[in-house]
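Coordinate inspection notes
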Amino acid sequence: MNNSAIGVFDSGVGGLTCVKELRRLLPNENIVYLGDTARVPYGTRSKETIARYTKEDMEFLRSHDVKMILVACGTASSVIMSDPEFRDHSTGPAYSGVVLPAAHAACAATRNNKIGVIATGATIKSGSYGKVIRSINHNMRVVGKACPMFVPLVENGYTDKDCPPTRYFAEEYLECMKQEGVDTLILGCTHYPHLAELISDIMGSGVTLISSSAELAKLALKDLTFADELSDRQEPGSLELYCTDSTELFSENVERFLGSGINAKIEKCSLKIKS
Ligand code: DGL
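Here is a short report on the structure shown in this document. These numbers come from a predicted model, not from an experiment. (Residues numbered from 1 in each chain as written. Predicted model: local features only at pLDDT ≥ 70, side-chain atom pairs only at ≥ 80, totals over all residues. Heavy atoms only, no water.)

**Describing the packing of aromatic side chains**
A full pass over the atoms with the stated rule returns six aromatic pairs. Note on Phe60 and Tyr242: the rings are 5.2 Å apart at their centroids and 70° apart in plane angle, and the pair reads as edge-to-face. Placement of Phe60 in helix 2 (residues 47-62) and of Tyr242 in strand 9 (residues 239-243) is noted, with a sequence separation of 182 residues between them. Taking the relative accessible area as the measure of exposure, Phe60 reaches 10% and is therefore buried. Aromatic side chains Phe150 and Tyr192 sit 5.2 Å apart centroid to centroid with 90° between the ring planes, which places their arrangement in the edge-to-face category. Here the residue Phe150 occupies a position in helix 7 (residues 150-155), and Tyr192 occupies one in the loop between strand 7 (184-187) and helix 9 (196-203), the gap between them amounting to 42 residues. Taking the relative accessible area as the measure of exposure, Phe150 reaches 0% and is therefore buried. The rings of Phe150, Tyr168, Phe169, Tyr173 and Tyr192 are connected pair by pair, giving a single aromatic cluster. (Phe/Tyr/Trp six-rings, centres within 6.5 Å; stacked < 30°, edge-to-face > 60°. Helix = DSSP H or I, 4+ residues; strand = E, 2+ residues; numbered from the N terminus. Buried < 20%, exposed > 50% of the residue type's maximum accessible area, 1.4 Å probe, protein only.)

**A few points about the packing of helix 2 against helix 3 (residues 74-81)**
Packed helices, taken two at a time, are described by their axes: the angle between them and the distance between them. Relative to each other, helix 2 and helix 3 sit at 105°, their axes nearing to 9 Å. By the angle between their axes, helix 2 is roughly perpendicular relative to helix 3. Mapping the contact onto sequence places Lys47, Ile50, Ala51 and Thr54 in helix 2 and Thr75, Ala76, Val79 and Ile80 in helix 3. Among the residues making up the contact of helix 2 with helix 3, the classes are represented as five nonpolar, two polar and one charged. (Axes fitted to C-alpha atoms, helices over the stretch in contact; angles between N-to-C directions. Parallel < 35°, antiparallel > 145°, perpendicular 65-115°, else oblique. Contact = heavy atoms within 4.5 Å. Nonpolar A, V, L, I, M, F, W, Y, C, P; charged D, E, K, R; others polar.)

Quick look at the structure:
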């Protein structure tokens, strides 16, 4: 048993899709969330910069004495996989990103061994999903596509399946997935579950969508259960949300991602910046 909080971070508000799933699966756990809203987006930056930001985000969560760290950001998860500095899991709380659980879920779901991945430019460029999926089954065909317009569209609330600009970009981005005949599509970015209805409408009901955020939440449940580190709290867990820019903007998006009436502490914080 361990009553410390679960730490979750993302480049911005998108990681709240993971928090939503965590609260559904683990309602009695306390959660501390950090959204690095002052420096979002990560997906257009170099891997050195993303790695530096990620270290600072993790440092912040460690200072809150969390029992595990969930890297909800697809971009940060991809970059840390190939960075040797993140290989040492011996000190501090364990951390997990979205790539491994989403890749495993996709491999289990595909029937024709053709998996699509949509994500930020940095995630696609890292090749993270292809590497993991092919290590599970080297016969898999993996098709990646960066969808840079999706994050700003979701952040601004253009998520409706019939919203013309969003549909325009979605059709453009997903054309290659249709041509390749993928039967499983990984939503490899925190924001994309908000476009699931539209994406499903374009891809057709025969294509399974895998939410990387939801898969990470399921992994947290599994890991905490196996490590015997679930909380024994009887009442609902608390939710502390930190952002690095204005709380006003952040709160609006919190409502959009988690729904209204969420009982959460929302605070602006500053990160320890290492030069
Ligand atoms: N959170 C990022 C991700 O999941 C999307 C936003 C960004 O580019 O920072 O990849």
